[in-house]
Amino acid sequence: MSEQALIDTISVELDVRKAQNEEFIIVTPGNYGQDFLRDNLGIAVDKCVKCSNFIGDTIDMAVEEGFRRLLLAGHIGKLIKVAGGIMNTHSREGDCRMELLTAFAVKCGVAAVDAARLLSCVTTEEAVRILDECGRRQEVMDYAMERILLYLEKRAQGKLAIECIMYANDFGALAKSKEAEEWFTLLAQEAGQQ
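Residues numbered from 1 in each chain as written. Predicted model: local features only at pLDDT ≥ 70, side-chain atom pairs only at ≥ 80, totals over all residues. Heavy atoms only, no water.

In this structure, strand S4 (residues 161–168) lies alongside strand S5 (residues 172–176), joined through four bridges in antiparallel fashion. Each bridged residue has a counterpart across the sheet, and for Ala168 the counterpart in S5 is Gly172. Count of turn residues in the S4/S5 antiparallel hairpin: three residues. (Pairing = 2+ DSSP bridges. Helix = DSSP H or I, 4+ residues; strand = E, 2+ residues; numbered from the N terminus.)

Structure follows, in structure tokens:
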């Protein structure tokens, strides 16, 4: 599909959900995010809107539709780019995953020799393993989540409350925003009303 066709599909999905009087939405870049939510948190796949690489555009459309809250759940390989302000996560738009992870690791006290190892990683999963070895994984992931939320909230301009969960296939949930747990209460309440 063309980029415009993908964006149009996201827009239609949001329109449908708004027409059903939904006020909050769950967004994932793709099937892996949906699988993570289903397998680890018991969230039905039909509750999720897939945004592909278009995280920024999806936030813009959610604001335009008048949604009140959005939960973004994604793999570290996608979301770490958001921590650098990249809102279209396709690799041709920008791919600074290892540079961002390394910068965050250095900020959190990872030694230069390990920072060099991080820069040489091919995958973010490999980088998480190195952070585990250094004993800095959670600190770095929490800082990355702060940066992700900074850019998500900047994009929403205060018009939409945004929460986020970042995971890795081999490690499960890596970090989540402070209010992400409220989503499970909201979903339980919604399920009870149906």
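It is worth spelling out the sheet that holds strand S1 (residues 24–28) at this point. Pairing within the open sheet is mixed, and its five strands lie in the order S2-S1-S3-S4-S5. Two strands lie at the open edges of the sheet, namely strand S2 (48–50) and S5, each paired on one side alone. Pairs of neighbouring strands in the sheet enclose a mean axial angle of 30°, with direction left out of account. (Axes fitted to C-alpha atoms, helices over the stretch in contact; angles between N-to-C directions.)

The next subject is helix H1 (residues 3–19). Between its first and last C-alpha, H1 extends 24 Å over 17 residues, near the 24 Å set by a 1.5 Å rise per residue. Here H1 has its buried residues at Ile7, Ile10, Leu14 and Arg17. Around the axis of H1, the buried residues are gathered within 85° of arc, so they sit on the same side. Along its buried surface, H1 packs onto S1, S2 and helix H3 (55–65). (Expected span 1.5 Å × (residues − 1). Buried < 20%, exposed > 50% of the residue type's maximum accessible area, 1.4 Å probe, protein only. Arc of directions from axis to C-beta. Contact = heavy atoms within 4.5 Å.)

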